[in-house]
Amino acid sequence: MQKILVTGGCGFIGSHTVVDLIENGFDVISIDDNSRSTTYLLDGIEKITGKKLKNYKVDLKNFDETLAVFQENEDITGVIHFAAFKAVGESVEKPLEYFENNLFSLINLLKCVREFSIPNFVFSSSCTVYGNPDAIPVTEESPIKKAESPYGATKQMGEDIIREFARAHNSKSILLRYFNPVGAHPTTLIGELPVGRPQNLVPAITQTAIGKIPQMSVWGSDYDTRDGSCVRDYVHVCDIAHAHTLALQYLMANKNKTVCDVFNLGTGNGVTVLEAIKAFEKVSGVKLNYNIAPRRPGDVVAIYANNDFAVQSLGWNIQYDLEDMMRTAWQWELRVKEDEALISKQNASLN
Ligand code: WQD
């Protein structure tokens with residue numbers, strides 16, 4: 001059984017990917033310092049898979065502690081790197097913390113990959129690297145434009161670091177550029193757990209609908225789009241998770257075209273903010289309380305993916321549509337309410 005190290009295994013996309021990997025026959029361990037995630041989702045992973053995920057509570061910025069995990073697990077054959085700070089707005093306020101955390105962690109991890117000659121590396125990148133694209137849908141060859149935020153810059157630099165590492169060490173790597181991951185596992189046992197007030201659209205919608213937030217804002221309705229609100233490519237987190245399993249299998253079968261292949265993980269459907277809200281209202285039966293507010297600085301006007309390369313080369317087939325995304329997100333919010341006391345206590349303990 002191939003052992004895979006997932007960094008950020010206690011997080012939103014990490015936990016869903018751990019489930020998919022286990023269901024596809026991989027043995028999985030995690031490194032997660034729980035600075036931005038609690039251990040709450042570990043219970044859900046065990047209930048879904050029957051396997052207890054071993055998580056090493058290690059800060060990847062600490063090289064010696066990170067190396068010790070690899071020394072204890074010399075049979076690791078692949079690494080999937082999720083662990084990073086990812087709030088666009090926060091990165092504008094705290095650029096040094098973002099560059100230090102996201103880049104030092106990556107470099108330490110790659111030093112361990114080199115030290116143990118681990119043959120397969122998958123990186124969690126983002127459509128943010130495209131900035132405000134001149135043409136949509138974007139392909140993997142679309143120009144990389146100046147990042148709109150330090151968060152986006154860390155993803156662009158991260159890609160460059162991995163590309164040069166892969167070339168120098170002939171190490172097979174894959175960069176997965178996510179569009180907007182949303183929704184929750186259909187069992188409602190794992191999902192997204194934002195710490196503090198959610199910055200992203202779908203958790204803001206569900207927390208408003210359940211009453212945690214009195215009213216949400218739609219940031220801008222005067223854009224040059226079909227209804228004036230921004231366009232994004234929302235993709236179900238389980239579809240994103242399965243793409244990671246497919247990416248590992250693609251590398252292990254030596255199907256990669258270069259030492260560092262890039263894939264867009266989006267559905268290929270552009271959806272406006274107002275359309276996303278309407279889809280949520282339809283599946284939940286809840287009339288959402290929102291106001292129209294000024295534009296959010298740094299927002300991209302419109303972006304969605306051309307995902308042909310991922311569909312054709314990884315064999316990636318999208319299973320969930322927009323209503324599934326909203327329905328599972330809402331079911332998860334209802335479940336989180338049942339565990340609210342425990343979750344709030346665990347979130348309060350985050351440093
Ligand atoms: C989407 C749209 C907002 C909240 C970021 C990262 C990306 C990925 C996903 C990590 C925008 C609008 C939002 C609200 C709103 N991160 N919105 N009211 O900014 O496209 O992407 O998160 O994987 O890399 O860049 O996502 O969900 O924050 O915003 O109107 O309360 O929803 O203005 O138009 P974004 P988002």
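Conventions adopted
Residues numbered from 1 in each chain as written. Predicted model: local features only at pLDDT ≥ 70, side-chain atom pairs only at ≥ 80, totals over all residues. Heavy atoms only, no water. Helix = DSSP H or I, 4+ residues; strand = E, 2+ residues; numbered from the N terminus. Rg over C-alpha atoms; globule rule 2.2 N^0.38 Å. Buried < 20%, exposed > 50% of the residue type's maximum accessible area, 1.4 Å probe, protein only. UniProt positions renumbered as here; feature names shortened; annotations may be inferred. Near = heavy atom within 4 Å. Polar contact = N/O pair within 3.5 Å; in protein donor to acceptor, adjacent residues only side chain to side chain. Areas by Shrake-Rupley, 256 points an atom, 1.4 Å probe, with all protein chains shown as cover. Nonpolar A, V, L, I, M, F, W, Y, C, P; charged D, E, K, R; others polar. Pairing = 2+ DSSP bridges. Right-handed = clockwise from strand over helix to strand, strands pointing away. Axes fitted to C-alpha atoms, helices over the stretch in contact; angles between N-to-C directions. Contact = heavy atoms within 4.5 Å. Phe/Tyr/Trp six-rings, centres within 6.5 Å; stacked < 30°, edge-to-face > 60°.

Participant: Explain the overall build of the protein chain to me, using residue names and the numbers behind them.
Facilitator: Counting its secondary structure elements, the protein chain contains 12 helices and 13 strands. Compactness check: the protein chain gives a C-alpha radius of gyration of 19 Å against a globular reference of 20 Å for 351 residues, within 12% of the reference. Projected onto the principal axes, the alpha-carbon positions of the protein chain cover approximately 55 × 45 × 40 Å. The 351 residues of the protein chain split such that 58% are buried.

Participant: Kindly report on the UniProt feature "domain: NAD(P)-binding" (unreviewed entry) in the protein chain, identifying the contributing residues and their values.
Facilitator: Following the UniProt record, the feature "domain: NAD(P)-binding" (unreviewed entry) maps to residues 5-327 here. Along residues 5-327 one finds 40% helix and 17% strand; the C-alpha atoms at either end are 31 Å apart.

Participant: Help me get a handle on the site of the ligand, residues and values and all.
Facilitator: Every one of the 20 residues lining the ligand counts as a neighbour, but S126, L201, S217, R232 and D299 are closest to it. A distance of 2.7 Å is found between an oxygen atom of the ligand and a backbone nitrogen or oxygen belonging to L201. Within the backbone of W219, an N or O atom sits 2.9 Å from an oxygen atom of the ligand. When the ligand is considered free in solution it has 690 Å² of accessible area, and contact with the protein chains removes 92% of it. Of all the elements in the fold, those that place two or more residues in the shell around the ligand are α7 (201-209) and β8 (216-219). Considering every element that reaches the shell around the ligand, the biggest residue donor is β8, with four residues. Of the residues contributing to the shell around the ligand, the split by class is 10 nonpolar, six polar and four charged.

Participant: Can you explain the pairing of strand β6 (residues 172-178)? Please cite residues and give values.
Facilitator: Summarising burial for β6: seven of the seven residues are buried, a large majority. Going residue by residue along β6, you find K172, I174, L176 and Y178 tucked away on one face and S173, L175 and R177 tucked away on the opposite face as well. Both strand β5 (residues 120-126) and β6 contribute to a ladder of seven bridges, which runs parallel. Bridge pairing in β6 places S124 opposite L176. Assessed by its sense of winding, the connection that carries the chain from β5 through helix α6 (residues 150-169) to β6 is right-handed. Here six bridges tie β6 to strand β11 (residues 260-265), and the two strands are oriented parallel to one another. The residue bridging S173 from the neighbouring strand is C260, located in β11.

Participant: Could you give an account of the pairing of strand β4 (residues 76-81), with specific residues and numbers?
Facilitator: Across the six residues that make up β4, a large majority, six, are buried. With five bridges joining them, strand β1 (residues 3-7) and β4 adopt parallel strand pairing. Bridge pairing links T7 to H81 in β4. Two elements, β4 and β5, share three bridges in a ladder whose sense is parallel. Its bridge partner being in β5, I80 is matched across the sheet by V122.

Participant: Give a detailed account of the side chain of R232, specifying residues and quantitative values.
Facilitator: Relative to the elements of secondary structure, R232 occurs in strand β9 (residues 231-232). Looking at R232, its side chain comes within polar contact range of the main-chain oxygen of V300, at 2.8 Å.

Participant: An account of the sheet that holds strand β3 (residues 54-56) is needed here, citing residue identities and associated values.
Facilitator: Read across the sheet, seven strands follow the order β3-β2-β1-β4-β5-β6-β11 without closing on themselves; strand pairing throughout is parallel. Two strands lie at the open edges of the sheet, namely β3 and β11, each paired on one side alone. Across the sheet, the mean angle separating the axes of adjacent strands is 20° when strand polarity is ignored. Sheet strands touched by helix α1 (residues 12-23): β1, β2 (27-31), β4 and β6. Its angle to β1, the strand with the most contacts, is close to 170°.

Participant: Could you give an account of the packing of aromatic side chains, naming the residues involved and the relevant values?
Facilitator: Scanning the model with the defined rule gives seven aromatic pairs in all. For the ring pair Y250 and F263, a centre distance of 5.5 Å and an interplane angle of 85° mean the geometry is edge-to-face. Note that Y250 is positioned in helix α8 (residues 237-252) and F263 in strand β11, a separation of 13 residues in sequence. Taken together, the aromatic side chains of Y250, F263 and F309 make up a single cluster linked through ring pairs.

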